[in-house]
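Summary of structural features
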Amino acid sequence: MTDAKKEYDDIPGTFVFDQERSRQGYGVNAFCMTLMKDENRKAFRANESAYLDQFGLTPEQKESILKRQWNRMLELGGNIYFTAKLAATDGLSFQQVAAIMTGATQQEYADMMLAGGRNPNGNRSKAEWSKK
Amino acid sequence: MAKIVAAVFSSHVPAIGAAIDNGKTQEPYWTRVFSGFVETKRIMEEMKPDVCIVVYNDHASAFSMDVVPTFALGCAAEFPPADEGWGPRPVPVVKGHPKLAAHIAQSVILDEFDLTVVNKMEVDHGLTVPLNLMFGSPKEWPCPVIPLAVNVVLFPPPTGKRCFNLGQAIRRAVESYPEDLKVAIFGTGGMSHQISGPRAGLINSTFDKAFLDGLAGDPSKIIAMPHVEYMREAGAEGIEMVMWLVARGAMDAKVDEKYRFYTVPASNTAVGHLILENAAR
Ligand SMILES: [Fe+2]
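Let me sum up the structure you'll find in this document. Here the structure is a predicted model, which means the values were calculated and not measured.

So, the packing of helix α8 (residues 94-102) of chain A against helix α9 (residues 106-114) of chain A
All names here are of chain A.
- Where α8 contacts α9, the two axes come as close as 9 Å, and the packing angle between them is 105°. Compared by their axis directions, α8 and α9 come out roughly perpendicular. Side by side, α8 and α9 meet where Gln 95, Gln 96, Ala 98, Ala 99 and Thr 102 of the first sit next to Gln 106, Tyr 109, Ala 110 and Met 113 of the second.
- When grouped by side-chain class, the residues that make up the contact of α8 with α9 number five nonpolar, four polar and no charged.

A few points about the interface of chain B and chain A
- Counting residues at the interface gives 40 residues for chain B, matched by 41 residues for chain A.
- Here chain B packs against chain A, burying approximately 3,500 Å² in sum over the two surfaces, 65% of which is carbon and sulfur.
- When the buried surface of chain B facing chain A is broken down by residue, Met 65, Pro 198 and Arg 199 of chain B rank first, second and third, together holding 17% of it.
- Taken together, the connections running from chain B to chain A amount to one salt bridge.
- One salt bridge in this structure joins Arg 124 of chain A and Glu 233 of chain B, with 2.8 Å as the shortest N-O distance.
- Counting residues per element, the ones that place at least two in the side of chain B that touches chain A are α2 (28-34), α9 (227-234) and β9 (255-266) of chain B.
- The greatest single-element share of the side of chain B that touches chain A, amounting to four residues, is contributed by α9 of chain B.

Comments concerning the environment of Gly 126 of chain B
Residue and element names in this part refer to chain B.
- Counting through the fold element by element, Gly 126 comes out in helix α5 (residues 125-135).
- Residue Gly 126 is classed as buried on the basis of its relative accessible area, which comes to 0%.
- Expressed as a C-alpha distance, the spacing of Gly 126 and Lys 209, which sit 83 residues apart in the sequence, is 21 Å.
- If near-sequence neighbours (up to four positions away) are discounted, Gly 126 is found in contact with His 12, Tyr 56, Asn 57, His 59 and Thr 188.

Structural notes on the sheet that holds strand β6 (residues 116-118) of chain B
Residues and elements named next belong to chain B.
- Pairing within the open sheet is mixed, and its eight strands lie in the order β6-β3-β7-β2-β8-β1-β10-β9. Of all the strands in the sheet, just β6 and β9 have a single pairing partner and so form its edges. Averaged over all pairs of adjacent strands, the angle between strand axes in this sheet comes to 20°, irrespective of strand direction.
- Relative to strand β7 (residues 145-150), strand β2 (residues 51-56) runs parallel, the two sharing five bridges. Residue Tyr 56 lies in a different strand from β7, and its bridge partner there is Ala 149.

What counts as what
Residues numbered from 1 in each chain as written. Chains lettered and ligands numbered in written order. Predicted model: local features only at pLDDT ≥ 70, side-chain atom pairs only at ≥ 80, totals over all residues. Heavy atoms only, no water. Axes fitted to C-alpha atoms, helices over the stretch in contact; angles between N-to-C directions. Helix = DSSP H or I, 4+ residues; strand = E, 2+ residues; numbered from the N terminus. Parallel < 35°, antiparallel > 145°, perpendicular 65-115°, else oblique. Contact = heavy atoms within 4.5 Å. Nonpolar A, V, L, I, M, F, W, Y, C, P; charged D, E, K, R; others polar. Buried area = accessible area lost by both parts, 1.4 Å probe. Salt bridge = Lys/Arg side-chain N within 4 Å of Asp/Glu carboxyl O. Buried < 20%, exposed > 50% of the residue type's maximum accessible area, 1.4 Å probe, protein only. Pairing = 2+ DSSP bridges.

So, in structure tokens, the structure goes:
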């Protein structure tokens, strides 16, 4: 086995939650998992920074959570099903977070979905994205 | 002898569950989705399976990153609905079939599929939404359910081929169970969707329809499809569709298409649904 080439790294706008990311992001996802409990959500809201210090996060990971940089969290090893729990804690729906991650407004994103979603044409490779 | 009578495929979008739980099924957005499952309920009523094996995935509800089983078979007597952040869904507790589940575990492990046995597990929308779509919202689910949770969250999930082969092993297990039982197997998740990153919102109806055709006809091409193709063509989370191959593997090579439905979108996701029966011999 070599891990020289990860073909999926060429998919644009996508952070594949693979073994390497999950290793890096264990703390991020462990933190998100605690938000399943209301008492933990309260403790987190009361002092976000202190609460986050329990999870062995890197400074970059901690910053991405405090600033709600949803894409950055994924890049640093968070997984969407886990970060969705932080979104829920903030009162955001799945679709609202998705809109934020794409840089669209809520309305633009909802309209795009109703019109059939983002077309795969032009969205398959990084080369296609760099032409835009 | 027990036998597998049908494979039932459907998306398991959480927003569908929320629409049911919040009484929004009559809104135009949602009638479009639910209209595709009216005929389904008649078919299921007629089929009256004694047990359903539901292949689905957990979404960071029962399994955190502490333990990530690739295939986990629910052998418990019951599976309570999980709290996914808004309280547990107001649906009946899912009753298991511990005896058949134990038999399947025993059989497929000796058949070289190294399953994880789970005796305590909560089940999230991935399992309960398809039950609603097939059976509506009864006070109790009409039959026992054996959950088979597949990891599709942490890359890599099992390959399509592995999923298909496991389905074949599950069929051998079911057919070696002495009691006469009609078993339906559900493949859930998908279809095309991406809910993460700047490319979120991706939908690929062409891919989805070809995938449904592959399931209903000759599945050899979709069985061989590499993960990267699912992710590139059907969105990062579209990889969930590998789970449908477990259900397809439990069927005959030749199947009859009983029913099909497809619509876009439900929230961020393309909704696909298919019911297959073994071709009459
Ligand atoms: Fe799912």
